[in-house]
Structure formats: C-alpha cells, structure tokens
Amino acid sequence: MDITEVPTNQGSKSKKKKSKKSMKAKTKVKNEEVEEERSAAVEKMNEPAAAFPPTFSVSEIKNKQRRHLMFMKLKQEKRKQKLQLKKKRRKEREALGDKAPPKEVPKTIENQRVFDETTVDPEDEEVAFDEGTDEFSAYFNGLTNPKVLITTSDRPRGRTMRFCEQLASVIPNAHVYYRRGLALKRIIPQCVARNFTYLIVVNEDRQVPNGLVLCHLPDGPTAHFKVSSVRLRKEIKRRGKDPTEHYPEVILNNFTTRLGHSIGRLFAALFPQNPQFVGRQVATFHNQRDFIFFRFHRYIFKNEKKVGIQELGPRLTLKLRSLQKGTFDSKYGEYEWVLKRHEMDACRRKFQL
Amino acid sequence: MDERSRLCTVWVGSETGILKGVDLDRKQAFNFCNTRTLSREQEVRALCWGDSAESELLMGCSDGTVRTFSTEKGVFTEARSCGDAQEGCFSGLASLRGSAIITCVECGKLRVWREDSSGPVAELDAGSNVCRMRQSPVDQNRVATGGKENGLKLWDLERPEKPVFTAKNLRDDWLDLRRPHWVKDMSFIPDSDKMVTCTGYHQVHVFDPSTPQRRPVLEAEFGEYPLTALSLPAAGDTVVVGNTQGQIALLDLRKGLVRGCLKGLSGSVRALQCHASQPLVASCGLDRFLRIHSLKDRKPQHKVYLKSRLNCLLLASRELQDGGAGGSAEGGAEQEVKEEEDEVWDSMDRVEEEAIKRKPTGGGGEEVKRKKGGD
C-alpha cells in the first residue's frame, strides 16, 4: 500500500514545484532571498527526507559587480564579528584578573601530530641494543675519528664549489676534492682504504646545490637529502667573522622516531666527539616537520642570564629522500626507508623523523 | 611463556638475533630470547617448521647454528652447529621428513644433517653466491637453489651428484650482449612441475622442467629495483613479489601483467609469505614493520612495529586471526546447536527480529531514493 501512495504524492509535489518555478521566471521578484527562503521552506514542508538546507551563497550571484559587493560586505561583517569577539574575550580576561583561565594553545600540525609507534623509548632494551651495535657504534665508542671527504657532482659550477668549501670549514677534518668524473662506487673503496668515515656528495642543478648524499663508511648507511634555501656566508646579514678551526658542539633537535634516531646519529658522527669549547661554535640540526634546518653559530655568555649568538653560516635546509643500507648503491642497494610521495605525506600531521 | 608461544601465529626473525612471535588476535608481539646474550652474530637468517604439526621451529643463525624452538613449551630446546660463519649466512633451511635438516649457505654448500650423527649425511655443491634455497612442498627430497651468476638448479637429494634441472641463461639481448643472472628467490608452483623465480634485475621467470626448454617459459618485469622476495598465494595464477624499495605487486602468471600493488611499506622487503588457506600475505623487511595485507582488496590488515630490522618470516598454517577466535567460536556454536535444539530456535527468533527491524529502514531508504528519482 505504501508503495502505491508514494508516487502520487510525488507527482503532485513535482507539479507544484514546476508551477512555482515558472512563476518566478515570469515575475522576477526583486527580493530574491525572501522568495528563495520561502520556496525552500515550502520544499522542506513537502519533503522532509531530502534535506537541502536553505543556503545563500555569494558565489551564486551571477552579476559580477554585485557579487563582488556582496562578498566585500560579507567579509567586513565577519571581520567585525571577529574583532568584537576578541574584544569581549579580552575584557573578560581583564575582569577576571588572576583567575582568568589559561590561554589556549594554538593548534599547529606539530602539536596535533599523529602518534608514531616507532618513537624511541629511551628505556627500551632492544632498541638500545640495536643502536649500540649499529654501523656508528665504532664512532660512538670512541674507536674512530671522523674524516670527511666532500665532493660534488661532475663539473661543479658557481655556488656549489663555494658551498662545498664553506661546508668543509664547518666540518672539522674535511677535505674537498674535485670529482674528476669518477664513479662513486670506485671512489668508495679508495676512501675506505684511506680511512675516511664519510663521503659527502653535493649535487647541483643549474649552478644551485639541490641534493646531498651522505654516505657513512666503511659499511653504510647512505642517506640522500634534498637541499634547499642555501644561504652562503656572503648572503647572510649580520654574520660574524669566519669560523675558527675549533671542533664545534653539535645540537640535534627533535629526532624522535627510530628513523629520526638513525638520521641523528648519522649527523652526530660527522663531527668529532670532543668539542673544543674555546671556539664557542655550535652546529645545529633542527628537525621540524621533517625538514632539517642546519645553522652554524658562535655564542657568548654576556652575563649570567644573557647569551648572544652570531650566525656564521652557511645556512641550509635538508629533507630526507631515502636511507639506504650499505654504502652508496642506488640501483642494487636495499633501502631502509624511501620517501613515497602522496602515500606517506597524505596525512599532514604524520611525520617520519 | 608457553601460553604466549602457543597463541602466536606469525613468527619473525630479526637482525638482532631475536625470534619474535606475533599474536594477531590480541595484537601483541613477544620476544623469545635471552636479552642478555644478544649479539649480531646470532642474526636470524632462515626460519622453517621442524615438523608437520608445527610444534617445532627451526631457526638458522648467521654464526652457523641451527636452533630448535618448541612452540609448545616456548623455549629453545636444541642448538647444533651446521657449518661455519666463514661460509656465509644461511640462504635456506628446511626439514626433511621431520628428522633431518637441509641447510644451504651462501657459498653454495647444501648439506643434509641427521639428528643422530654430528657430521653431514650428504653434501652437494650448488655453486657460489647462493641467494636462496627452497624445498618443494610436494616432494621433500626436491630442493631448488639459485643465486648471483648461478642459475636456477633443481636437485633431487636421493641423487645429489647432478641437478635434475638446470636453467639456461636468457638469450643474448638485441645488442648480442650476455644477460646477467641473479636469482633472488624461487618457489614451486603447486599442481605442476613449474617453478617461478624473481631476479635482481627486476624480472620474474617461470621455468618448466617437464618440457625440454631450459629457458624460462614466461618472463615478466616489475618496477626498476631488484626483486627480493616472492610468494605464491593459495589461489593460483598469481605471484606476489617485493623489491628493495618496498613495492609489492601481484603479478599474473598467465600473461605476466601486474594485477595490483600492495601499499604501505617504506623499506626493502626481506621476506614475503602468503597464508596457506586465507587470502593474506605477510611481509617484513628493513622498515621494522610486519605488515599483513589482504589479497582480495589489497588493503593492509595489520601493521606491527617490531623494533629491529626483520629478516625472515614464518606463518602458521592455521588461521591467523579470525580463525583463532572467530573460527573456534563458530565451531563451538555448531556443537551447541547439535546438543540443544532450543538454542537453535532462540537464535532463529533473534534473526527474524533483526530482519523486521531492518525492513522498515530499508524500505524508507527505497522511498527516499524513489522520491529523488521522481524529482
């Protein structure tokens, strides 16, 4: 029975609608909004199931000038409301005085971060064992001293060479070599034979450094970074005098996950373990939203409370592309981690490092 | 300890030498080892079941020992030395009729060990750089080996002098250059003599020893990176392969086309195994996660973080998860039905009620649809 009734209902409704529409077309009433609302209300009464809320949107206005006007009005109104709300809140706070509730922490994608199960627990025995016996254990146990070879992609030009030189002034015991068109896989055994512990290859595109391969020797791992926003010493304002040859201190910030720990250890092993505090120089690797910011500073304690810092440069931003087990072998090597775009960064609140 | 080990359905061997059992029902992972005696020399390189009842598990460590783990008791019961650390890591491990062990090391020595004698009973040389040795599930005397510059060889352990089948290298390419060989993993296709291999040059080959052709009868390619592991699902015609960048794909064995990819991995695949009866595939690798994907919709079902790099993987042949709870519950329900008929009627009533409840809502939905259609 129900089924037979429904279509009749429907028919009448559709007829009504049609007639209304034709009416509209003929008369073209000025106050459209009211009419629309009324029709919407009628529709609502007729069919509660199909719930289309009576919305008025500026983008539906066909006349461009009028649309623009309405949009400006809307924006102004919104702004007014916002300001009023702000004023009200401030007054409330002032009225309450000390009893005022604490200010809300602004929402950022970092403090809304999705929990990562690989976050390293410092008391975890297994991870501690894994880290204690990895490829960097020789360095962290004080058995080896870092010795770094810096080279570039073939035929470096312009900024890349200067960037390499400045990098070599930051990293103690670093040697810059011209690439001479040699294959990396043939360089690596020679480096191992000469007791190098790191091979850094700076890649360039159109005279701008854009990639960095950081290969720990003798048996890996190899990390590949994207390099962006490189500022050489000359381009930094208010920089200090050129850095001295003292071993700098190293600060590693925010490397929390298991992958982050590996990367942090990779950076830490670039520098000698005993910083010379006389030099008052500090190299910082700050990780934020998977971007690693490198800065090089000189500090001074002005008095008991104040510290002055002075940037020495260069400045650069790194983003991890891949971490490969073993020394450089991009074709047949096994990757421990690869950045898969659109798959891994689909969630903006998920971070890998 | 014993309870935990009995519940585990997935066993994983890690680079730190820890045997891990995962209970998917309760989403728990257990470490079965002594944390004080950890060392990287005990890195687990191969895992296999010691007997057909799956109460014993054999674990090949890279220092050349094979340890026996009892899943009933949850302890290591036995350890025996099967070769030296100098000969390379184990590339394969299998049990022969429950009493003997077949081991294969990277240098190519394939040995059969019996429980009563300390030395190997039989030994054969499968050539250098063996990447994988696998045993045929049908005939336990048949094993296949293959590696770098070492083509697929099929051996009969009764006649260890000569391989039963040796694969021939691929035809030279269009520049008349020799094509290199690098078998990374292989598997026996059930209900036929055929074998499927995956190579370090991102190819998948199907060999058919029953025909005189010694070159592959089918060649398929996937991706650009070396394929590291492969597994055959219970439902035939496909093969699951994984590569060094953590891409897993289902390939069709009839034409060699990609049927679909499994997403979610971030590091190299070290081991893959399909479940014997369910449409599930488990993968583990350098990203330290054990992942279980459904082969039907290719969606990830489980993801377990296991803290170390994982080398090898072993699934129990009983149902992994729902089987543990759901399957037994269903079985229990059936028994109850047999015992008491009243319960049957109770349950039927309940079903009817549900149906009645559903009807009006379903009808409503239909009405709405019709209305929309009418408009």
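Residues numbered from 1 in each chain as written. Chains lettered and ligands numbered in written order. Predicted model: local features only at pLDDT ≥ 70, side-chain atom pairs only at ≥ 80, totals over all residues. Heavy atoms only, no water.

## Details of the overall build of chain B
When its secondary structure is counted, chain B shows three helices and 28 strands. For chain B, with 375 residues in total, the buried portion stands at 50%. Considering only contacts within chain B whose residues lie at least 6 apart along the sequence, 44% involve residues at least 24 apart. Carbon and sulfur atoms make up 47% of the accessible area of chain B, which totals about 18,100 Å². (Helix = DSSP H or I, 4+ residues; strand = E, 2+ residues; numbered from the N terminus. Buried < 20%, exposed > 50% of the residue type's maximum accessible area, 1.4 Å probe, protein only. Contact = heavy atoms within 4.5 Å. Areas by Shrake-Rupley, 256 points an atom, 1.4 Å probe, with all protein chains shown as cover.)

## Structural notes on the pattern of salt bridges
Residue and element names in this part refer to chain B. Counted under the stated rule, the structure contains 32 salt bridges over all chains. Across the pair Asp252 and Arg254 runs a salt bridge whose closest N-O atoms are separated by 3.1 Å. By relative accessible area, which is 53% here, Arg254 ends up exposed. Taking the shortest distance from any N to any O, the salt bridge between Arg259 and Asp252 comes out at 3.0 Å. (Salt bridge = Lys/Arg side-chain N within 4 Å of Asp/Glu carboxyl O.)

## Observations regarding the nonpolar core
Grouped together as the largest cluster of nonpolar side chains are 43 residues, with contacts concentrated most on Ile200, Phe225, Ile263, Phe267, Leu270 and Ile292 of chain A. At five residues, helix H6 (residues 159-170) of chain A tops the list of elements feeding residues into this core. (Core = buried A, V, L, I, M, F, W, Y, C linked by side-chain atoms within 4.5 Å.)

## Some details on a negative patch on the surface
Residues and elements named next belong to chain B. On the surface, Glu56, Glu78, Glu115 and Asp116 cluster together into a negatively charged patch. Assignment of secondary structure puts Glu115 in the loop between strand E10 (109-114) and strand E11 (120-125). A residue is classified by how much of its surface remains accessible, and Glu115, at 57% relative accessible area, is exposed. (Patch = residues over 30% accessible without salt bridge, like charges linked within 9 Å, V, L, I, M, F, W, Y side chains within 5 Å. Lys, Arg positive; Asp, Glu negative; His and termini not counted. Charge placed at Lys NZ, Arg CZ, Asp CG, Glu CD.)

## Looking at helix H7 (residues 184-193) of chain A
All names here are of chain A. Within the span of H7, buried status applies to Leu184, Ile187, Ile188 and Cys191. What you see down the axis of H7 is that its buried residues fit within an arc of 105 degrees, all on one side. Those residues of H7 that are exposed and angled more than 90 degrees off the buried face are Arg186 and Ala193. Buried residues belonging to H7 abut strand E1 (148-152), strand E3 (198-205) and strand E4 (208-216). Directly after H7, the chain includes Asn195, whose backbone phi takes a positive value near 65 degrees. (Arc of directions from axis to C-beta.)

## Overview of the sheet that holds E10 of chain B
Residue and element names in this part refer to chain B. The four strands lie next to each other as E8-E9-E10-E11, forming an open sheet whose pairing is antiparallel. Two strands bound the open sheet, and with one partner strand each, they are strand E8 (90-96) and E11. Along the sheet, successive strands turn relative to each other by an average axial angle of 15 degrees, direction set aside. Of the pairings in the sheet, the one linking E10 to E11 comprises five bridges and is antiparallel in character. (Pairing = 2+ DSSP bridges. Axes fitted to C-alpha atoms, helices over the stretch in contact; angles between N-to-C directions.)

## Here's the deal with a nonpolar patch on the surface
Residue and element names in this part refer to chain A. A contiguous nonpolar patch, built from Phe71, Met72 and Leu74 and spanning about 260 Å² of accessible area, is present on the exposed surface. The residue Phe71 is located in helix H3 (residues 64-96) in this model. By relative accessible area, which is 40% here, Phe71 ends up partly exposed.

## Let's talk about the sheet that holds strand E5 (residues 56-61) of chain B
Residue and element names in this part refer to chain B. If you trace the four strands from one edge of the open sheet to the other, you get E4-E5-E6-E7, paired in antiparallel fashion. Across the chains shown, the open sheet's two edge strands, defined by having one partner strand only, are strand E4 (44-49) and strand E7 (75-81). Strand-to-strand twist of the sheet, defined as the mean angle between neighbouring strand axes without regard to direction, takes the value 20 degrees. With six bridges joining them, strand E6 (residues 65-70) and E7 adopt antiparallel strand pairing. Looking at E7, one finds that Thr65 is bridged to Ser81.

## As for a positive patch on the surface
Together, Lys82, Lys86, Lys87, Arg90 and Lys91 of chain A make up a region of like positive charge exposed at the surface. Within the secondary structure layout, Lys91 of chain A lies in helix H3.

## Some details on the environment of Ile292 of chain A
Residue and element names in this part refer to chain A. With respect to the helices and strands, Ile292 occurs in strand E8 (residues 291-301). Put simply, Ile292 and Phe255 are 37 residues apart on the chain and 9.6 Å apart in space, counted from C-alpha to C-alpha. Residues within four places of Ile292 in sequence aside, it is in contact with Phe225, Phe255, Ile263, Phe267, Phe285, His286, Asn287, Leu316, Thr317, Leu318 and Leu353.

## Structural notes on H3 of chain A
Residues and elements named next belong to chain A. The terminal C-alpha atoms of H3 lie 48 Å apart, and with 33 residues this matches the ideal 48 Å at 1.5 Å per residue to within 8%. In terms of residue burial, H3 counts as a barely covered element, since only one of its 33 residues are buried. Capping the start of H3, Asn63 holds a side-chain oxygen 3.0 Å from the backbone nitrogen of Gln65, two or three residues further along. Backbone geometry just downstream of H3 places Gly97 in the positive-phi region, at approximately 70 degrees. (Expected span 1.5 Å × (residues − 1). Polar contact = N/O pair within 3.5 Å; in protein donor to acceptor, adjacent residues only side chain to side chain.)

## Observations concerning the side chain of Gln352 of chain A
Relative to the elements of secondary structure, Gln352 of chain A occurs in the segment after strand E11 (334-338). The residues contacting Gln352 of chain A, other than those within four sequence positions of it, are Thr257, Leu259, Gly260, Asp290, Trp337 and Met344 of chain A.

## Remarks on the packing of helix H4 (residues 125-132) of chain A against helix H8 (residues 258-268) of chain A
Residues and elements named next belong to chain A. As a packed pair, H4 and H8 sit with axes 12 Å apart at the nearest point and diverge in direction by 30 degrees. The pairing of H4 with H8 is recorded here as roughly parallel in orientation. The handedness of the crossing between H4 and H8 comes out as right-handed. Only Arg258, His261 and Arg265 of H8 make contact with H4, whose side of the interface consists of Val127, Asp130 and Glu131. Here the contact of H4 with H8 is composed, by residue class, of one nonpolar, one polar and four charged. (Parallel < 35°, antiparallel > 145°, perpendicular 65-115°, else oblique. Left-handed = near helix turned anticlockwise from the far one by under 90°. Nonpolar A, V, L, I, M, F, W, Y, C, P; charged D, E, K, R; others polar.)

## Details of unusual backbone geometry
Residue and element names in this part refer to chain A. At the junction of Leu217 and Pro218, the peptide bond is cis and its omega measures out at 0 degrees in the coordinates. Within the secondary structure layout, Pro218 lies in the loop between E4 and strand E5 (222-231). In this chain, Gly220 is followed by Pro221 through a cis amide linkage whose omega measures -5 degrees. With respect to the helices and strands, the residue Pro221 is situated in the loop between E4 and E5. At Arg238, a position not held by glycine, the phi torsion is positive, near 55 degrees. By secondary structure assignment, the location of Arg238 is in the loop between E5 and strand E6 (249-253). What makes Arg238 exposed here is its relative accessible area of 74%.

## A look at the side chain of His302 of chain B
Residues and elements named next belong to chain B. As for its position among the elements, His302 is in strand E27 (residues 300-305). In this structure His302 comes out as buried when scored by relative accessible area, which is 12%. When neighbours within four sequence positions are excluded, His302 is seen to be in contact with Leu24, Lys27, Leu290, Arg291, Ile292 and Gln321.

## Here we look at the packing of aromatic side chains
According to the stated counting rule, one finds 18 aromatic pairs over all chains in the structure shown. Between the aromatic rings of Phe267 of chain A and Phe285 of chain A, the centroid separation amounts to 4.2 Å while the plane-to-plane angle is 15 degrees, which identifies the pairing as stacked. Here Phe267 of chain A is found in helix H8, whereas its partner Phe285 of chain A is found in strand E7 (residues 281-288), with 18 residues between them in sequence. By relative accessible area, which is 4% here, Phe285 of chain A ends up buried. When the centroid spacing of 5.1 Å and the interplanar angle of 50 degrees are considered together, the rings of Phe285 of chain A and Phe294 of chain A count as tilted. Overall, Phe294 of chain A belongs to the buried group, its relative accessible area being 4%. Aromatic ring contacts, followed pair by pair, group Phe225, Phe255, Phe267, Phe271, Phe285 and Phe294 of chain A into a single cluster. Between Arg67 of chain B and the ring centre of Phe76 of chain B, over which it is positioned, the NZ or CZ distance is 5.1 Å. The side chain of Lys303 of chain B reaches across the aromatic face of Phe289 of chain B, ending 5.0 Å from its centre. (Phe/Tyr/Trp six-rings, centres within 6.5 Å; stacked < 30°, edge-to-face > 60°. Lys NZ or Arg CZ within 6 Å of the ring centre and 35° of its normal.)

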